Amino acid sequence: DVKVTQSSRYLVKRTGEKVFLECVQDMDHENMFWYRQDPGLGLRLIYFSYDVKMKEKGDIPEGYSVSREKKERFSLILESASTNQTSMYLCASTPWTGTGEQYFGPGTRLTVT
Amino acid sequence: DQQVKQNSPSLSVQEGRISILNCDYTNSMFDYFLWYKKYPAEGPTFLISISSIKDKNEDGRFTVFLNKSAKHLSLHIVPSQPGDSAVYFCAAKGLNNNDMRFGAGTRLTVKP
């Protein structure tokens, strides 16, 4: 069974803080993704990575950065958290070939006050 | 530019009846379509998929229909059960596995 884990289920941070969200997958998948989910907007792609040290911007990368130093680990960084970054953050992974089915972690509910 | 659209934010059906969730897309290059189910405080889980070369795929109570000429797909759940109450996301895959587009989701409520 594919397992994708995220470092925290719930986080509360203050405006201006630097925030790290970590994601680990155990199936040797090449592709990893960070999404945010907001009501009425669905899943919006922030960044994805198709290999170690490789990253590509998604649809809403502003205010975020990512790091992928190891194949199994993909980190999302909020350089200076703002209240409009309060959201559910979801990490996912998928292999390079196949149907594209993505395996998601349980999500991190981030609240920025 | 939203390439995958789910125009119904919510749907309520009675237990035992059919649930039909709809999805429209704009990009004719999508080659695979997927449905995910999401419970509160959990990540989405894969439900069922269909290749662009097919028009129907069935898995138990779940059937996905694809109408390529209309750029429309639908998910049918028969019979609906209260445990099916969740948010359902439609997704479409482009040429690469890292090119996946999600709809906004439809919240299904199945009443006992």
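Residues numbered from 1 in each chain as written. Chains lettered and ligands numbered in written order. Predicted model: local features only at pLDDT ≥ 70, side-chain atom pairs only at ≥ 80, totals over all residues. Heavy atoms only, no water.

**Student:** Explain the pairing of strand β8 (residues 72-77) of chain B to me, please; I cannot follow it from the model alone.
**Tutor:** A regular strand places its side chains on the two faces of the sheet in alternate fashion. Residues and elements named next belong to chain B. Most of β8 sits inside the fold, with five of its six residues counted as buried. Summarising the sheet, strand β7 (residues 62-67) and β8 pair through six bridges and their orientation is antiparallel. Note on β8: the bridge partner recorded for Leu66 is Leu73. Here β7 folds back onto β8 in antiparallel fashion, the turn holding four residues, of which Lys71 has a positive phi close to 55°. (Buried < 20%, exposed > 50% of the residue type's maximum accessible area, 1.4 Å probe, protein only. Helix = DSSP H or I, 4+ residues; strand = E, 2+ residues; numbered from the N terminus. Pairing = 2+ DSSP bridges.)

**Student:** Help me understand the sheet that holds strand β6 (residues 56-59) of chain B, please; the structure alone is not making it clear to me.
**Tutor:** The strands making up a sheet associate through backbone hydrogen bonding, with each pair oriented either parallel or antiparallel. Pairing in this open sheet of five strands is antiparallel, and the strands run β1-β3-β8-β7-β6 (chain B) from one edge to the other. If you trace the sheet from one side to the other, it starts and ends with β1 (4-5) and β6 of chain B, each paired once.

**Student:** How should I be thinking about the pattern of salt bridges in this particular structure?
**Tutor:** With the rule as written, the count across this model stands at twelve salt bridges over all chains. Two residues, Asp38(A) and Arg44(A), come together in a salt bridge whose shortest N-O distance is 2.9 Å. Overall, the relative accessible area of 25% leaves Arg44(A) in the partly exposed class. One salt bridge connects Asp59(A) with Arg101(B), and the closest N-O pair in it is separated by 3.0 Å. With Asp59(A) in the loop between β6 (54-57) and β7 (64-70) and Arg101(B) in strand β10 (residues 100-102), this residue pair bridges two chains. The exposure class of Asp59(A) is partly exposed, given its relative accessible area of 47%. One connected set of salt bridges, linked through shared partners, spans Asp28(A), Glu30(A) and Lys71(A). (Salt bridge = Lys/Arg side-chain N within 4 Å of Asp/Glu carboxyl O.)

**Student:** Any chance you could explain the interface of chain B and chain A here in plain terms?
**Tutor:** When the parts come together, some accessible area is lost, and that loss is often what is quoted as the size of the interface. The interface is formed by 18 residues belonging to chain B together with 27 residues belonging to chain A. Where chain B abuts chain A, roughly 1700 Å² becomes buried across the two surfaces, and 56% of that area is made up of carbon and sulfur atoms. Broken down residue by residue, the surface that chain B buries against chain A is led by Asn97(B), Asn98(B) and Phe102(B), which jointly contribute 35%. Where chain B touches chain A, the interface holds one salt bridge. For the interface between chain B and chain A, the tally reads five residue pairs in polar contact (both at pLDDT 80 or more). Among the elements of the structure, β4 (32-38), β9 (86-93) and β10 of chain B are those that each provide at least two residues to the side of chain B that touches chain A. Of the residues forming the side of chain B that touches chain A, the biggest block, four residues, is contributed by β4(B). Residue composition of the side of chain B that touches chain A, grouped by class: ten nonpolar, four polar and four charged. (Contact = heavy atoms within 4.5 Å. Buried area = accessible area lost by both parts, 1.4 Å probe. Polar contact = N/O pair within 3.5 Å; in protein donor to acceptor, adjacent residues only side chain to side chain. Nonpolar A, V, L, I, M, F, W, Y, C, P; charged D, E, K, R; others polar.)

**Student:** Can you help me understand a nonpolar patch on the surface in this one?
**Tutor:** A grouping of Ile18(B), Ile20(B) and Val78(B) is seen on the molecular surface, where their side chains present a nonpolar patch of about 230 Å² in accessible area. Here Ile18(B) lies in the loop between β2 (10-14) and β3 (19-25). (Patch = residues over 30% accessible without salt bridge, like charges linked within 9 Å, V, L, I, M, F, W, Y side chains within 5 Å. Areas by Shrake-Rupley, 256 points an atom, 1.4 Å probe, with all protein chains shown as cover.)

**Student:** How do you make sense of the nonpolar core when you look at a structure like this?
**Tutor:** One broad rule of soluble globular proteins: the nonpolar side chains tend to lie buried together. Formed by 23 residues in total, the largest nonpolar core has its most connected members in Phe33(B), Trp35(B), Leu73(B), Leu75(B) and Tyr88(B). Listing elements by their share of this core, those giving two or more residues are β3, β4, β5 (45-51), β7, β8, β9 and β11 (106-111) of chain B. Those residues in contact with Leu75(B) that sit more than four places away from it in its chain are Ser19(B), Ile20(B), Leu21(B), Trp35(B), Leu47(B), Ile48(B), Phe62(B), Thr63(B) and Tyr88(B). Judged by nonpolar contacts, the second largest core, of 20 residues, contains Val4(A), Leu11(A), Cys23(A) and Tyr47(A). (Core = buried A, V, L, I, M, F, W, Y, C linked by side-chain atoms within 4.5 Å.)

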